[in-house]
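Residue-level structure breakdown
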Amino acid sequence: MSEAQVTKSPTVVVRDPGHTAMQLHDVAVSFNGRVAVRDATFDVAKNRVTSLIGPSGSGKTTLLRALNRLHDLTPGAKVSGRIVLEGTDIYRGDMTVTELRTRVGMVFQRPNPFPTMSIYDNVVSGLRFNGIKKKSLLDEAAETSLRSAALWDSVESRLKVAASNLSGGEQQRLCIARALAMDPEVLLMDEPTSALDPIATLKIEELMTTLKERVTIVIVTHNMQQAARISDDCAFLLMGEDRAGELIEFDTTEKIFNNPNDSRTLDYTLGRFG
Amino acid sequence: MNDLTELDEPIEIAQTMRDEIRRVSNATRARRLMVSRVMTTLCAVTLAVTAVPLALLLYQLIKRGAPELTWTFFTKVPETPSLIAPNATGGLSNAILGSIALNVYASILAIPIGVLVGVYLAESMNKFAATLRVIAQTMAGAPSILMGLFAFSFLLQDLHIGFSAIAGSFALAVLMLPVIIIATEIAVLNVPNTLREAGLALGAKPHKVSMRVVIPSALTGIVTGCILAISRAIGETAPVLLVIGGGYLNTWKPLSPVSALPLSIYENAKSEWPSQRAQVWGAALLLVIFVFILSLTARIWASRKQKVSN
Ligand SMILES: Nc1ncnc2c1ncn2[C@@H]1O[C@H](COP(=O)(O)OP(=O)(O)O)[C@@H](O)[C@H]1O
Ligand SMILES: [Mg+2]
């Protein structure tokens, strides 16, 4: 039902609903009455990489965190508009926040493996939090997701070692594996390579292009080359006069970088500001 | 599209700026060196003022205490010296055993409650939590004789529990609680929020995140706080003075009267026998050794490499 409501809006890029993972309709987030981001209306296409780009402070992180209700914890935070996951409004619909978060995973800006857990325990932690105890199941999930995160070969022999022994890039791939172990439909990534060196960055970029076959990816990046390299669709955000971030343009990455509709998008992608 | 003339200017500005920085830097070098030297000297003096009295104290303690720490000291109960045997002080095994028992019982009482309250304070922001925090902070600053008085009037007078180890442990536990609560709260608050978010983002319920992510990550700080609480309690005299009863028996039973090292120090220091007054230094040294071992354990624990197994 929400799908019908959303597609009524003239600003939504209507796709075949079967090919849409998430729909955002007029989403705005404010903190204590101060708007941080607004006017976000676009579809996140299934099995594609959608990038959110824009200068620092334009609300990319804020918008991304609205997609798995991470603002629920912040007193004074308010999310308005509609965010729909496979037909269900994630804020008002018939879906618990726990279910939402098992379906929409997240990778953070800095690698944040659980420091008291081993590599293995980190990967299966989400399953355990959700009550899964069967060892064969956990073992299988651990291997599958570590393989998907291109980490299995280097950690297979030291699964019981503390996660803090891994390098920064490996820790971030461990965090990706941890999120993948839940078998999410959507994976949110907030500047996942900003704390990593170029080689580790490249590995994660390569990973994303293979991962999108099984999971829809939404990635925040302020690195435009990265957005151009890895994303299929692109949302450009910019701060308005009142310093609130707003969605300026959403389109395929190719269009955004080669032939955008808005002159501000062109200015940004050409590096004229920000 | 930019022609070169446009670029010339910024480079020139940068050059004058660099010259200016160099000029100011040279002009003030002598003064900065001077300030640096004065500060270094001040630091050295401050260090000496703190370290010298401490070193003297330790020297006295070891010099006078070490000879007292004999086999008899650890294995015999006290005796009263007499004119024919003025050095027959016996040992302080009863006080050692009593001190250990008191602190073990106090820890059993205080640690679980203190940790739970500390975690609760860190993770909740309601009025009740705020009130609890004020109570804990006030208790931390309250004079320790108050705990003894409280245990005396409540356990001994109201509940008619006689002089006993458990009454002393109760007083010590009340003393330890605020230390544990505050240390736990700080340790939990220091757990990076991104770890909580990582847990929640995996679909974990908040209490699961507390139990499985936050508390394990804060464990080092929590354990350190508990050890510090014990090392504070072990040397306390005032809270146990009124309620443990003393006595020369080697016992650890919760309901028996017990002695304790600080109590022995307090009593023997007033003795008319020089041999008993000398024994006090042995008890004092032993207490310091206990505290030293405890804080060493706390340090080693705090800096230990995380060894994780499944
Ligand atoms: N928890 C918060 N409380 C108050 N303001 C916040 C909070 N999180 C983000 N903001 C504000 O939202 C705006 C957008 O921030 P953010 O989403 O982090 O931008 P970006 O990720 O694009 O750099 C900023 O002005 C920031 O101050
Ligand atoms: Mg950000």
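All figures in this text were calculated on a predicted structure; none of them were measured in a lab.

Listed as interface residues are 21 residues of chain B and, on the opposing side, 30 residues of chain A. Summed over both sides, the interface between chain B and chain A buries roughly 2200 Å², with carbon and sulfur atoms accounting for 62% of that surface. The tally of links from chain B across to chain A stands at 1 salt bridge. Here B:Glu197 makes a salt bridge to A:Arg65, at a shortest N to O gap of 2.5 Å. Across the contact surface, chain B and chain A share 4 residue pairs in polar contact (both at pLDDT 80 or more). Elements with a contribution of two residues or more to the side of chain B that touches chain A: helix 7 (193-201) and helix 8 (206-234) of chain B. The element best represented in the side of chain B that touches chain A is helix 7 of chain B, accounting for 7 residues. Looking at side-chain class alone, the side of chain B that touches chain A contains 10 nonpolar, 7 polar and 4 charged residues.

Residue and element names in this part refer to chain A. With their axes 6 Å apart at the nearest point, helix 4 (residues 119-129) and helix 7 (residues 168-180) run at an angle of 35° to one another. Our pair here, helix 4 against helix 7, has a crossing hand that is right-handed. Contact with helix 4, carried on its side by Ile 119, Asn 122, Val 123 and Ser 125, involves Leu 174, Ala 177 and Arg 178 of helix 7 and no other residues of that element. Class assignment of the residues belonging to the contact of helix 4 with helix 7 gives a composition of 4 nonpolar, 2 polar and 1 charged.

Attention now moves to the confidence of the model for chain B. All names here are of chain B. The pLDDT averaged across chain B works out to 84; a share of 94% of its residues lies at or above 70. Ignoring residues within four places in sequence, the model shows residues 1-5, a span with pLDDT below 50, making 0 contacts including any to other chains. Confidence drops under pLDDT 50 across residues 305-310; counting only partners more than four residues distant or on other chains, this segment forms 13 contacts. Here the complex is predicted with pTM 0.77, and the ipTM for its interfaces comes to 0.89.

Relative to the helices and strands, A:Arg101 is located in helix 3 (residues 97-103). Among buried charged residues, A:Arg101 stands out as having no salt bridge; its nearest opposite-charge side chain is A:Asp72, 4.4 Å away. With residues up to four places along the chain from it excluded, the contact list for A:Arg101 reads A:Asn68, A:Arg69, A:Leu70, A:Asp72, B:Leu200, B:Ala201, B:Leu202 and B:Gly203.

Turning our attention to a nonpolar patch on the surface. Residues and elements named next belong to chain B. A cluster of nonpolar side chains, Met 34, Val 35, Val 38, Met 39 and Leu 42, forms an exposed patch at the surface whose accessible area comes to about 460 Å². Along the polypeptide, Met 39 turns up in helix 1 (residues 4-65). Of the residues examined, Met 39 reaches a relative accessible area of 47% and is grouped as partly exposed.

Residue and element names in this part refer to chain A. Taken together, Phe 31, Arg 34, Ala 36, Pro 55, Ser 56, Gly 57, Ser 58, Gly 59, Lys 60, Thr 61, Thr 62 and Thr 74 form the complete shell of residues around ligand 1. In the model, an oxygen atom of ligand 1 is placed 3.3 Å from a nitrogen or oxygen of the Ser 58 main chain. Here Gly 59 contributes a backbone N or O atom positioned 3.0 Å from an oxygen atom of ligand 1. Protein coverage of the free-state accessible area of ligand 1, which is 560 Å², stands at 63%.

Turning to the packing of aromatic side chains, a few remarks are in order. Under the counting rule described, the total for this entry stands at 6 aromatic pairs over all chains. Ring geometry for B:Phe150 against B:Phe170: centres 5.9 Å apart, planes inclined by 35°, an arrangement best described as tilted. With B:Phe150 in helix 5 (residues 145-158) and B:Phe170 in helix 6 (residues 165-189), this pair connects stretches of sequence that are 20 residues apart. The exposure class of B:Phe170 is partly exposed, given its relative accessible area of 23%. In this arrangement the basic side chain of A:Arg178 is found over the ring face of A:Phe114, its NZ or CZ atom lying 4.5 Å from the centre.

Residues and elements named next belong to chain B. Its domain assignment divides chain B into domain 1 (2-68) and domain 2 (93-309). Once you take the C-alpha centre of each, domain 1 and domain 2 turn out to be 41 Å apart. Taken together, the 7 residues of domain 1 in the interface contact 7 residues of domain 2. Counting each side, the surface lost to burial between domain 1 and domain 2 is near 620 Å², with a carbon and sulfur contribution of 80%. When residues of domain 1 are sorted by the area they lose upon contact with domain 2, Leu 61, Arg 64 and Glu 68 head the list and together hold 74% of the total. Counting across the interface, domain 1 meets domain 2 through 0 salt bridges. Here domain 1 is connected to domain 2 by 0 residue pairs in polar contact (both at pLDDT 80 or more). When grouped by side-chain class, the residues that make up the side of domain 1 that touches domain 2 number 3 nonpolar, 2 polar and 2 charged.

What counts and what doesn't
- Residues numbered from 1 in each chain as written.
- Chains lettered and ligands numbered in written order.
- Predicted model: local features only at pLDDT ≥ 70, side-chain atom pairs only at ≥ 80, totals over all residues.
- Heavy atoms only, no water.
- Contact = heavy atoms within 4.5 Å.
- Buried area = accessible area lost by both parts, 1.4 Å probe.
- Salt bridge = Lys/Arg side-chain N within 4 Å of Asp/Glu carboxyl O.
- Polar contact = N/O pair within 3.5 Å; in protein donor to acceptor, adjacent residues only side chain to side chain.
- Helix = DSSP H or I, 4+ residues; strand = E, 2+ residues; numbered from the N terminus.
- Nonpolar A, V, L, I, M, F, W, Y, C, P; charged D, E, K, R; others polar.
- Axes fitted to C-alpha atoms, helices over the stretch in contact; angles between N-to-C directions.
- Left-handed = near helix turned anticlockwise from the far one by under 90°.
- pLDDT = per-residue confidence, 0-100.
- Buried < 20%, exposed > 50% of the residue type's maximum accessible area, 1.4 Å probe, protein only.
- Lys, Arg positive; Asp, Glu negative; His and termini not counted.
- Patch = residues over 30% accessible without salt bridge, like charges linked within 9 Å, V, L, I, M, F, W, Y side chains within 5 Å.
- Areas by Shrake-Rupley, 256 points an atom, 1.4 Å probe, with all protein chains shown as cover.
- Near = heavy atom within 4 Å.
- Phe/Tyr/Trp six-rings, centres within 6.5 Å; stacked < 30°, edge-to-face > 60°.
- Lys NZ or Arg CZ within 6 Å of the ring centre and 35° of its normal.
- Domains from an automatic or database assignment.

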